[in-house]
Amino acid sequence: MPDERTSADADHPDPRRWWPLPDAEDLRERLVDAWSEPHRGYHDLTHLAEVLARLEELAVAGVPFPVLPVVLAAWFHDAVYDGERDAEERSAVWAEVELPAVVGEETAAEVARLVRLTETHTPEDDDVAGCALSDADLAILAAPAWRYEEYVRTVRAEYAHLDDATFHAGRVHVLEHLAEKPALFHTRPAREQWEEQARANLAAEVGRLRAALEADQAADQPTEQPA
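Parameters and conventions
Residues numbered from 1 in each chain as written. Predicted model: local features only at pLDDT ≥ 70, side-chain atom pairs only at ≥ 80, totals over all residues. Heavy atoms only, no water. Helix = DSSP H or I, 4+ residues; strand = E, 2+ residues; numbered from the N terminus. Rg over C-alpha atoms; globule rule 2.2 N^0.38 Å. Expected span 1.5 Å × (residues − 1). Buried < 20%, exposed > 50% of the residue type's maximum accessible area, 1.4 Å probe, protein only. Arc of directions from axis to C-beta. Contact = heavy atoms within 4.5 Å. Salt bridge = Lys/Arg side-chain N within 4 Å of Asp/Glu carboxyl O. Core = buried A, V, L, I, M, F, W, Y, C linked by side-chain atoms within 4.5 Å. 1 Å grid on protein atoms, 1.4 Å probe; cavity = no way out; pocket = protein on both sides within 12 Å on 5 of 7 lines; lining within 4 Å. Points joined across faces, edges and corners; volume = space filled by probe spheres on them. Nonpolar A, V, L, I, M, F, W, Y, C, P; charged D, E, K, R; others polar. Axes fitted to C-alpha atoms, helices over the stretch in contact; angles between N-to-C directions. Parallel < 35°, antiparallel > 145°, perpendicular 65-115°, else oblique. Left-handed = near helix turned anticlockwise from the far one by under 90°.

Caption draft 1: Structural context of the overall build of the protein. When you go through the protein residue by residue, the secondary structure sums to 10 helices and 0 strands. Mapped from its N terminus to its C terminus, the protein presents α and β elements in the order α-α-α-α-α-α-α-α-α-α. Its C-alpha radius of gyration of 19 Å places the protein within 12% of the 17 Å reference for a compact globule of 227 residues. With the principal axes as the frame, the protein shows a C-alpha extent of 80 × 35 × 30 Å.

If you want it as structure tokens, here you go:
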């Protein structure tokens, strides 16, 4: 994965260059507005631009996914993001409402299916569209150090309502569940280019979180009173 800080124009991301429907610019701008909501931390326009850039990398590397539904699914996959568990479902429903008149029922249904898949990132091996989208969405795990640190910070911001101990425990659970997978990525180019760095980033973050959890637990211990 490129190490340049401008690889997806991270300071001023503009995903519009990847919008595949020139006759639906109004929909594009409504999606941009949704991705620009002020409460977002990690799940913002930078994330959208990075997912689209990673899909472009996978296409160039020869992954034969159907571009239109996968790119549209990237645009819709976190279009609704408010911390509630059904955000992916509501994002998928948005696609089901908006897209049939623009791309037809079949493509709209495929976009919605792919959006729902991003809740679990568990596509079947023969689901090339799902594999490509899942890999692009999780590619942040293989980011260079500066970007991974920024990712961790912005994820923490999205859970600012949680105290440190609760967040640390939940984050460790999520990361260790990911690390248990035989492979984080499904497509050959993603495994070859991103797997090693992603596992190194995961291991480093889990180590930091484990240390933080120990500190949290120590802080909770009652102070011994003098006899």
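Now that the structure has been shown, we can carry on.
Caption draft 2: Spatial organisation of helix H4 (residues 87-98). Between the first and last C-alpha of H4 there are 17 Å, a value that for 12 residues agrees with the 16 Å anticipated at 1.5 Å per step. Every buried residue of H4 is accounted for by Ala87, Glu88, Ser91, Ala92, Trp94 and Ala95. Burial along H4 is one-sided: seen end-on, the buried residues are contained in an arc of 155°. Each element contacted by the buried residues of H4 is listed here: helix H1 (25-35), helix H3 (67-76), helix H5 (100-103) and helix H6 (105-117).

Caption draft 3: Region of interest: the pattern of salt bridges. Evaluation of the coordinates by the stated rule reveals 22 salt bridges. We note a salt bridge from glutamate 29 to arginine 16, for which the minimum N-O separation is 2.9 Å. Remark: arginine 16 occurs in the segment before H1 and glutamate 29 occurs in helix H1; sequence separation between them is 13 residues. Given a relative accessible area of 25%, glutamate 29 falls into the partly exposed group. Among the ionic pairs, arginine 116 bridges to glutamate 89, the shortest N-O distance being 2.7 Å. Here arginine 116, found in helix H6, pairs with glutamate 89, found in helix H4; they are 27 residues apart in sequence, far enough to count as distant. For arginine 116, a relative accessible area of 29% gives the class partly exposed. Note on glutamate 89: relative accessible area 36%, which makes it partly exposed.

Caption draft 4: Molecular detail of the nonpolar core. Ranked by internal contacts, the top residues of the largest apolar core, which has 66 residues, are Phe76 and Leu99. Top contributing element to this core by residue count: helix H2 (residues 45-60), with 8 residues. Apart from residues lying up to four places away in sequence, phenylalanine 76 is in contact with Leu27, Leu31, Ser91, Trp94, Ala95, Glu98, Leu99, Val111 and Val115.

Caption draft 5: Geometry of the layout of surface pockets. By volume, the largest pocket is sized at about 1,300 Å³. Here the lining of the largest pocket takes 9 residues from helix H9 (residues 164-179), the largest share from any one element. In the lining of the largest pocket, the residues fall into 14 nonpolar, 13 polar and 10 charged.

Caption draft 6: Region of the structure containing the packing of H3 against H6. Running from N to C, H3 and H6 cross one another at 50°; their axes reach a closest spacing of 8 Å. Relative to H6, the element H3 is oriented oblique. The crossing of H3 and H6 is right-handed. Residue-level contacts link Leu68, Pro69, Val70, Leu72, Ala73 and Phe76 of H3 to Thr107, Glu110, Val111, Leu114 and Val115 of H6. Looking at side-chain class alone, the contact of H3 with H6 contains 9 nonpolar, 1 polar and 1 charged residues.

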